[in-house]
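Residue strings, one per chain:
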Amino acid sequence: MDIDLTGEQRAIEAGIAKICARFGDDYWSECDQTPRFPEEFYRAMAEGGWLGITMPTELGGAGLGVTEAAIMMHAVTRGGGGFSAASTIHLNLFGPHAIVVHGTPEQKARWLVPLMEGKQKACFGVTEPNAGLDTTSIETFARRTNEGYIVRGRKIWTTSAQVADKILLLTRTTAKADSKKPSDGMTLFYTDLDRSKVEVRRIPKMGRNAVDSNTVFIDDLFVPDEDRVGEEGKGFRYLLDSLNPERILIGIEAVGIGRDALSRAAQYAKERVVFGRPIGQNQGIQHPLAENWAFLESAYWMCLRAASLYDSKKPCDAEANAAKFLGGRAAFEATTRAVLTHGGMGYAKEYQVERLFRESMLQRLTPITEQLILSFIAEKELGMPKSY
Ligand SMILES: Cc1cc2nc3c(=O)[nH]c(=O)nc-3n(C[C@H](O)[C@H](O)[C@H](O)COP(=O)(O)OP(=O)(O)OC[C@H]3O[C@@H](n4cnc5c(N)ncnc54)[C@H](O)[C@@H]3O)c2cc1C
């Protein structure tokens, strides 16, 4: 057992840190407050070839695993841009996993190459207002026509739909009541976000404001057969393949935010003098920050353990869920403590920790909430009755 990063993995960290260093606090404050998509950062990552880190080598990607993607995304959030930075590129890594596994060679070339090159952006339309976490209860319906489907429905919280060219869209093609199993009868599409048929309304929200979140109204959108991923009726199963990587990435992105906040807090504690000495000389300031360090460290290695299991094709459901849970919690505690360590200045935008604090609530909520993670672990690891 060798629990450390390899030379290649350290090189990934260093490469990302170099890009992040070009985008300082003023840049991220401006993107957050305007709010606007961090196009320059996204472009820098595309030009560096990072958007294809997990994509197949035959298409020009690096063909690396979740472990390397996790190391990369940790470096992205650790680098100051937090979840706003991560969200500009997160979807490129495992969002299209269903296409990699179930797409035809023609679809992969048509869809994945422009994504990797940063020529197209995609969004991910799964969550619906009337279904919530009960995904099989979605109502967006794709009705068969001669050469394709006509889609009607509503999605909510669709990230980056303001700037996206494409949407990965989960629909029902058979009503839940008429399907053998609730997860049957769901079909996945990757298609143009045709704004003459799709209205995208931005949701004003607490944090990560640089990257938009939206309600999406789909009104008789025509989707040709060639934009269907895999077989009709199997879309939900295809999506399940990418859930563990997504949880691992969100968990480790959270850790990066927490570590950034912790560094800022420690720095401030060394510099700020009150009662004639640095506040960081008081154990009441030191101990909570040291606790944050320990929790972040353990969450980081849980994420990499889950990633390593995934990459070696071993079961990792519980570990991936625990990674997301621990990362989210440890980051939230660290950003909260960072605000408190700054005293009143923690509330000022100037010190950035309020931005990280607002963003760190998100990894407790998405892509799955803490309650559902704990229900899953209680059922699968502790043998308790299923509760949802
Ligand atoms: C900023 C942001 C970006 C997002 N981006 C995307 C995106 O790009 N694409 C996308 O498809 N979705 C996206 N989401 C949606 C996100 O994945 C969901 O918000 C999340 O899965 C929770 O679903 P919900 O909001 O419908 O909560 P609900 O299902 O309404 O749940 C509400 C609360 O009840 C709890 N609860 C529900 N059932 C149970 C139960 N049986 N036992 C215990 N507790 C329960 C939940 O844990 C939660 O605390 C985003 C959300 C946010 C906030």
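Anyway, here's the lowdown on the structure attached to this text.

Conventions adopted
Residues numbered from 1 in each chain as written. Predicted model: local features only at pLDDT ≥ 70, side-chain atom pairs only at ≥ 80, totals over all residues. Heavy atoms only, no water. Helix = DSSP H or I, 4+ residues; strand = E, 2+ residues; numbered from the N terminus. Rg over C-alpha atoms; globule rule 2.2 N^0.38 Å. Buried < 20%, exposed > 50% of the residue type's maximum accessible area, 1.4 Å probe, protein only. Contact = heavy atoms within 4.5 Å. Areas by Shrake-Rupley, 256 points an atom, 1.4 Å probe, with all protein chains shown as cover. Lys, Arg positive; Asp, Glu negative; His and termini not counted. Charge placed at Lys NZ, Arg CZ, Asp CG, Glu CD. Salt bridge = Lys/Arg side-chain N within 4 Å of Asp/Glu carboxyl O. Phe/Tyr/Trp six-rings, centres within 6.5 Å; stacked < 30°, edge-to-face > 60°. Near = heavy atom within 4 Å. Polar contact = N/O pair within 3.5 Å; in protein donor to acceptor, adjacent residues only side chain to side chain. Nonpolar A, V, L, I, M, F, W, Y, C, P; charged D, E, K, R; others polar. Pairing = 2+ DSSP bridges. 1 Å grid on protein atoms, 1.4 Å probe; cavity = no way out; pocket = protein on both sides within 12 Å on 5 of 7 lines; lining within 4 Å. Points joined across faces, edges and corners; volume = space filled by probe spheres on them.

**A word on the overall build of the protein chain**
Thinking step 1. Within the protein chain, the regular secondary structure consists of 13 helices and ten strands.
Thinking step 2. Since a compact globule built from 388 residues should have a radius of gyration of about 21 Å, the 21 Å found for the protein chain is in line with a globular shape.
Thinking step 3. If you line up the protein chain on its principal axes, its C-alpha atoms span 80 × 50 × 40 Å.
Thinking step 4. Burial status across the protein chain gives 53% buried among its 388 residues.
Thinking step 5. Nonlocal contacts in the protein chain, meaning residues at least 24 apart in sequence, comprise 73% of its contacts between residues at least 6 apart.
Thinking step 6. Roughly 17300 Å² of accessible area belongs to the protein chain as shown, and the carbon and sulfur atoms make up 54% of that amount.
Thinking step 7. Of the charged side chains in the protein chain, 47 are positive and 50 negative; the average position of the first set lies 3 Å away from that of the second.

**A closer look at the pattern of salt bridges**
Thinking step 1. Counted under the stated rule, the structure contains 28 salt bridges.
Thinking step 2. The salt bridge involving Arg36 is made with Glu30; its shortest N-O contact spans 3.1 Å.
Thinking step 3. Residue Arg43 pairs with Glu39 through a salt bridge whose shortest N-O separation is 3.2 Å. Of this pair, Arg43 and Glu39 are both found in helix H3 (residues 39-47), four residues apart, which corresponds to roughly one turn of the helix.
Thinking step 4. Relative accessible area serves as the criterion here: at 31%, Arg43 is assigned to the partly exposed category.
Thinking step 5. Salt bridges sharing partners connect three or more residues here, namely Asp32, Lys349, Glu354 and Arg358.

**So, the packing of aromatic side chains**
Thinking step 1. Inspection of every chain in the model, using the stated rule, returns ten aromatic pairs.
Thinking step 2. When the centroid spacing of 5.9 Å and the interplanar angle of 70° are considered together, the rings of Phe37 and Tyr42 count as edge-to-face. The residues Phe37 and Tyr42 share a single accessibility class, namely buried.
Thinking step 3. With centroids separated by 5.3 Å and ring planes inclined at 80°, the aromatic side chains of Tyr268 and Tyr351 adopt a geometry described as edge-to-face.

**Some words on the site of the ligand**
Thinking step 1. Neighbouring the ligand are 18 residues; Phe124, Thr127, Trp157, Thr159 and Thr369 lie closest to it.
Thinking step 2. In this structure, an oxygen atom belonging to the ligand sits 2.9 Å away from a main-chain N or O atom of Leu133.
Thinking step 3. In the environment of the ligand, an oxygen atom lies 3.1 Å from a nitrogen or oxygen atom belonging to the backbone of Pro367.
Thinking step 4. Look at the ligand: alone it shows 980 Å² of surface, and the protein chains cover 67% of it.
Thinking step 5. In terms of residues, the shell around the ligand owes the most to one element, strand S3 (residues 148-159), which gives three residues.
Thinking step 6. Counted by class, the shell around the ligand contains nine nonpolar, nine polar and no charged residues.

**Regarding the pairing of strand S2 (residues 141-144)**
Note on strand geometry: in a regular strand, side chains alternate between the two faces of the sheet.
Thinking step 1. In terms of strand pairing, S2 meets S3 through four bridges, oriented antiparallel. Looking at S3, one finds that Phe141 is bridged to Arg152.

**A word on the layout of surface pockets**
Thinking step 1. Volume-wise, the second largest pocket comes out at about 380 Å³.
Thinking step 2. Lining the second largest pocket are 16 residues; nearest its centre among them are Asp2, Ile3, Trp301, Leu304 and Ser308.
Thinking step 3. Sorting the residues of the lining of the second largest pocket by element identifies helix H4 (66-94) and helix H9 (283-311) as the ones contributing at least two each.
Thinking step 4. The leading source of residues in the lining of the second largest pocket is H9, at six residues.
Thinking step 5. Taken together, the residues of the lining of the second largest pocket break down into seven nonpolar, four polar and five charged.

**Concerning unusual backbone geometry**
Note: most peptide bonds trans; most residues except glycine with negative phi.
Thinking step 1. For the bond from Thr34 to Pro35, the omega torsion is -20°, close enough to zero to count as cis.
Thinking step 2. Of note, the amide linkage connecting Thr366 to Pro367 takes the cis form, showing an omega dihedral of -10°.
Thinking step 3. Of note, Pro367 is situated in the loop between helix H12 (362-365) and helix H13 (370-380).
Thinking step 4. If you check the backbone angles, Trp157 has positive phi at about 70° while not being a glycine.
Thinking step 5. Topologically, Trp157 is positioned in strand S3.
Thinking step 6. Its identity as a non-glycine residue notwithstanding, Asp220 has a phi of 55°, on the positive side.
Thinking step 7. Within the secondary structure layout, Asp220 lies in strand S7 (residues 213-224).

By themselves, these are just geometric observations and shouldn't be taken as functional.
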